[in-house]
Amino acid sequence: MFDNNGSFLLAMFEFFIFVAWIMCLFYVFSDIFRDRDLGGGAKTLWCIFIIVLPFLGVFVYLIARGSGMTRRSMEARQQLMDQQAEYVRSVVGSSGGDASIDQIASAKKLLDDGAITQTEFEHLKARALGTTSVSEGAGA
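A. Seen up close, helix H1 (residues 5-34). Here H1 contains 30 residues, and its C-alpha end-to-end distance of 43 Å stays within 8% of the 44 Å for a straight helix at 1.5 Å per residue. Of the positions making up H1, those classed as buried are Trp 21, Leu 25, Val 28, Asp 31 and Ile 32.

B. A look at the packing of H1 against helix H2 (residues 40-52). Two elements in contact, H1 and H2, have axes whose closest approach is 10 Å; the angle formed by their N-to-C orientations is 165 degrees. As summarised for this structure, H1 and H2 are arranged roughly antiparallel, according to the angle between their axes. Between H1 and H2 the crossing geometry is left-handed. Taking contact as the criterion, the partners of Leu 25, Val 28, Phe 29, Ile 32 and Phe 33 in H1 are, on H2, Lys 43, Trp 46, Cys 47, Ile 50 and Ile 51. Grouping the constituent residues of the contact of H1 with H2 by class yields 9 nonpolar, no polar and 1 charged.

C. Main features of the side chain of Lys 43. As for its placement among the helices and strands, Lys 43 is situated in helix H2. This buried residue, Lys 43, is left without a salt bridge; Asp 35 holds the nearest opposite charge, at 6.8 Å. Residues contacting Lys 43, with those up to four places away along its chain left out, are Ile 32, Phe 33, Asp 35 and Leu 38.

Procedures and definitions
Residues numbered from 1 in each chain as written. Predicted model: local features only at pLDDT ≥ 70, side-chain atom pairs only at ≥ 80, totals over all residues. Heavy atoms only, no water. Helix = DSSP H or I, 4+ residues; strand = E, 2+ residues; numbered from the N terminus. Expected span 1.5 Å × (residues − 1). Buried < 20%, exposed > 50% of the residue type's maximum accessible area, 1.4 Å probe, protein only. Axes fitted to C-alpha atoms, helices over the stretch in contact; angles between N-to-C directions. Parallel < 35°, antiparallel > 145°, perpendicular 65-115°, else oblique. Left-handed = near helix turned anticlockwise from the far one by under 90°. Contact = heavy atoms within 4.5 Å. Nonpolar A, V, L, I, M, F, W, Y, C, P; charged D, E, K, R; others polar. Lys, Arg positive; Asp, Glu negative; His and termini not counted. Salt bridge = Lys/Arg side-chain N within 4 Å of Asp/Glu carboxyl O.

So, in structure tokens, the structure goes:
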């Protein structure tokens, strides 16, 4: 199949160009469907144009709408980062961040009022933080 090194290198180059072309097609199609400014008819026309005349269609799309591709990609990334940050805030808020602080504050108030002893306060504090207290292991 490959007579010499030149034909192998040429085949590798052609394969690289083919993969790059496929990636470009996927990127353009994903941008077409990500764009909220385009209506259904315009999206259909762009898809038909790219399917019927792939090279010309992709190049015309990149020239005509290339600047918006970057903006839409950045907006999608920012939206994903915002969703991740909101998820992290919801998980941290529900699993102990503020709840531990509230439990320790209420235990400190009980200690200050004289309702509990220092040992009981340390035990409540350790339980709120999710650790074992030192006095439990040594005293028992």
